Amino acid sequence: MDFHEIRFPANLSFGSVGGPERRTDVVTLANGYEERNTPWAHSRRRYDAGVGMRSMDDIEILISFFEARRGQLYGFRWKDWSDYKSCPASAKVDYRDQVIAYGDDTTIEYQLVKQYRSGEFSYERPIKKPAQGTVRVGLAGDELQEGVHYEVDTEHGIVRLDSPPGSEAEITAGFEFDVPVRFDTDRIQTSVASFRAGDVPNVPVVEVRV
């Protein structure tokens, strides 16, 4: 997949609108009952980057970023300010935030994940684009040191330990992360007069699978 490891300006995404979407097929039977199914194992996020524009300088930055990505051609990183950490928004990242796996005496590579829980139900989201320098990892309750005990592949969200953890050893991690996205349009329409009157451009952005 064509992807640029660059983040959309975070100050512009701060005011954006968006979030996760799901695809659910609902069939109503003759007796009134429903059958529901989904072809998606994971949600997909959509945003509107235009809402965050506050000045003509912002519009110029947006157009430059859009042109450098060749419209929809190249993906990029997006900071979702409503969900960008392994912990609650008001907390600081800690190496005990998420349980990402358990050791098996063999495996040394582990995918970063984030758990979303509600009652007894949960959803595990793969984190493919952790932010550089934010990943903290723990093993059996002790924090490990990056560069000594583990390395992080920030392009794929993989933690690579220096040696296989013991059987059933709990591997934890804390991190900040971006969403891999692309522009969902090949056209941006702007008007100086309309912008000054309070009309912002529509700039749809959609998550991509990586």
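That block above? That's the structure.
On a predicted model such as this, the values are computed, not experimentally measured, just so you know.

Draft legend 1. Broad picture of the sheet that holds strand E8 (residues 109–111). The antiparallel open sheet is built from three strands, whose spatial order is E8-E14-E13. A strand with exactly one partner marks an edge of an open sheet, and here the two such strands are E8 and strand E13 (150–153). The average angle at which neighbouring strand axes cross in this sheet is 25 degrees, direction not considered. The sheet contact formed by E8 and strand E14 (residues 158–161) spans three bridges and is antiparallel. Each bridged residue has a counterpart across the sheet, and for Glu109 the counterpart in E14 is Arg160.

Draft legend 2. Molecular detail of unusual backbone geometry. Despite not being glycine, Asp105 shows a phi value in the positive range, around 70 degrees. Looking at where Asp105 falls in the secondary structure, it is placed in the loop between strand E7 (98–102) and E8. Even without a glycine there, the phi angle at Ala140 is positive, about 55 degrees. In this structure, Ala140 sits in the loop between strand E11 (136–139) and strand E12 (142–143).

Draft legend 3. Here's a closer look at the side chain of Lys79. With respect to the helices and strands, the residue Lys79 is situated in the loop between strand E6 (75–78) and E7. This buried residue, Lys79, is left without a salt bridge; Glu176 holds the nearest opposite charge, at 4.7 Å.

Draft legend 4. Spotlight on the sheet that holds strand E16 (residues 179–183). The strand order E1-E6-E16-E17-E5-E2 describes an open sheet built from six strands, whose pairing is mixed. Looking at strand neighbours, the two that pair on one side only are strand E1 (3–7) and strand E2 (17–21), the edges of this open sheet. Direction aside, the axes of adjacent strands within the sheet are offset by 30 degrees on average. Here two bridges tie E1 to E6, and the two strands are oriented parallel to one another. Along E6, the bridge assignment pairs Arg7 with Arg77.

Draft legend 5. Broad picture of helix H2 (residues 56–68). For H2, built from 13 residues, the straight-helix expectation of 18 Å at 1.5 Å per residue is met to within 8% by its first-to-last C-alpha distance of 18 Å. Turning to H2, its buried residues number three or more, namely Asp58, Ile59, Leu62, Phe65 and Phe66. Buried positions in H2, seen along its axis, are confined to an arc of 130 degrees and lie on one side of it. Exposed residues pointing more than 90 degrees away from the buried face of H2 are listed as Asp57, Glu60 and Glu67. Among the residues trailing H2, Arg70 stands out with phi positive, at a value near 55 degrees.

What counts and what doesn't
- Residues numbered from 1 in each chain as written.
- Predicted model: local features only at pLDDT ≥ 70, side-chain atom pairs only at ≥ 80, totals over all residues.
- Heavy atoms only, no water.
- Pairing = 2+ DSSP bridges.
- Helix = DSSP H or I, 4+ residues; strand = E, 2+ residues; numbered from the N terminus.
- Axes fitted to C-alpha atoms, helices over the stretch in contact; angles between N-to-C directions.
- Buried < 20%, exposed > 50% of the residue type's maximum accessible area, 1.4 Å probe, protein only.
- Lys, Arg positive; Asp, Glu negative; His and termini not counted.
- Salt bridge = Lys/Arg side-chain N within 4 Å of Asp/Glu carboxyl O.
- Expected span 1.5 Å × (residues − 1).
- Arc of directions from axis to C-beta.

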